[in-house]
Amino acid sequence: MTFWLFKSEPDAWSWGQQVARGNEGEEWTGVRNYQARNNMRAMKVGDRGFFYHSNVGKEIVGIVEVIRTSAPDSTSDDPRWDCVVIKAVRPVKQPVTLDDCKITPGLESMALVKNTRLSVQPVTEQEWATVCAMAQTAPD
DNA sequence: GCCAACGTTGGC
DNA sequence: GCCAACGTTGGC
């Protein structure tokens, strides 16, 4: 299992909307960046990820699961772009903010901190465990 | 709303 | 294949 982090501006697509989609999940469309796309291509069904609110909140608010591997992005005519489908698993008990991550030992090399503009990021197992503990949420 | 960081595009 | 111009993201 590999861990990831998905960014979304809550004004465009929020955790609440993601939850409302239930087990159907939501196609993670709109990614137009190779690194982010390549990360999605590396995902397997069952992989877990954090759901992060950028701009507004700037915090990790929930845990999601990949339920379909990468396939053509229905919102693009360009065959270069594809995306996975994710569903909400559960909210975190205690949202973990960007500021929290910045000051927490062990998280200083998180992509969220170091590569702020990457919208779909890998998360290491250690980072996953650390953030889950901060979020008072089980890591599985 | 500003702007720094970064990615992409296209002319040469 | 370099690099200037441009566009976008996202923190502040």
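Owing to the predicted nature of the structure, the values given are computational and were not obtained by experimental measurement.

Student: Describe the overall build of chain A, and please don't skip the residues or the numbers.
Tutor: What chain A contains, in helices and strands, is 5 helices and 6 strands. For chain A, the sequential pattern of α-helices and β-strands runs β-α-β-α-β-β-β-α-α-β-α. A globule of 140 residues ought to have a C-alpha radius of gyration of about 14 Å, and chain A, at 14 Å, matches this closely. With respect to the principal axes defined by its C-alpha atoms, chain A has extents near 40 × 30 × 30 Å. Looking at the 140 residues of chain A, the share that counts as buried comes to 38%.

Student: So what's going on with the protein's contact with DNA strand C? Residues and values would help.
Tutor: By nearness alone, every residue bordering DNA strand C is listed as Lys7, Ser54, Asn55, Lys58, Leu98, Thr116, Arg117 and Ser119. Residues belonging to the surface near DNA strand C are distributed by class as follows: 1 nonpolar, 4 polar and 3 charged.

Student: Can you break down the nonpolar core residue by residue, with the values?
Tutor: Core analysis: the biggest nonpolar cluster contains 35 residues, and Phe6, Met40, Phe50, Phe51 and Ile60 have the highest contact counts within it. Those elements that place two or more of their residues in this core are strand E1 (3-8), helix H2 (34-41), strand E3 (48-53), strand E4 (59-72), strand E5 (82-97), strand E6 (120-123) and helix H5 (125-134). In terms of residue count, E5 provides more of this core than any other element does, 6 residues in total.

Student: Kindly report on the pairing of E4, identifying the contributing residues and their values.
Tutor: Alignment of E3 against E4, held across 6 bridges, turns out to be antiparallel. From the neighbouring strand, histidine 53 faces E4, where its bridge partner is glutamate 59.

Student: I'd like to hear about the environment of glycine 22, residue by residue, with values.
Tutor: Along the chain, glycine 22 turns up in the loop between helix H1 (15-20) and strand E2 (26-27). Judged by the 10 C-beta atoms lying within 10 Å of it, glycine 22 is exposed. Taking C-alpha positions, glycine 22 is 22 Å from serine 54, a pair spaced 32 residues apart along the chain.

Student: Describe H2, listing the residues and the values that go with them.
Tutor: Within H2, the full set of buried residues consists of Ala36, Arg37, Asn39 and Met40. Looking straight down H2, one finds its buried side chains confined to an arc of 155 degrees; they lie on one side. The outward face of H2, more than 90 degrees from its buried face, is lined by the exposed residues Tyr34 and Asn38. Residues of H2 that are buried in the fold lie against E1, E4, E5 and E6.

Student: Account for unusual backbone geometry, naming residues and giving values.
Tutor: The backbone of asparagine 55 shows a phi angle near 65 degrees, a positive value even though the residue is not glycine. Tracing the chain through its elements places asparagine 55 in the loop between E3 and E4. Of note in the backbone geometry, glutamine 136 takes a positive phi value of approximately 55 degrees without being a glycine. Position of glutamine 136 relative to the elements: it lies in the segment after H5. With 10 C-beta atoms counted inside 10 Å, the residue glutamine 136 sits in the exposed group.

So, how was this worked out
Residues numbered from 1 in each chain as written. Chains lettered and ligands numbered in written order. Predicted model: local features only at pLDDT ≥ 70, side-chain atom pairs only at ≥ 80, totals over all residues. Helix = DSSP H or I, 4+ residues; strand = E, 2+ residues; numbered from the N terminus. Rg over C-alpha atoms; globule rule 2.2 N^0.38 Å. Buried ≥ 20, exposed ≤ 12 C-beta atoms within 10 Å, placed from the backbone. Near = placed C-beta within 6 Å. Nonpolar A, V, L, I, M, F, W, Y, C, P; charged D, E, K, R; others polar. Core = buried A, V, L, I, M, F, W, Y, C linked by C-beta atoms within 7 Å. Pairing = 2+ DSSP bridges. Arc of directions from axis to C-beta. Contact = placed C-beta atoms within 7 Å.

None of this, on its own, says anything about what the molecule does.
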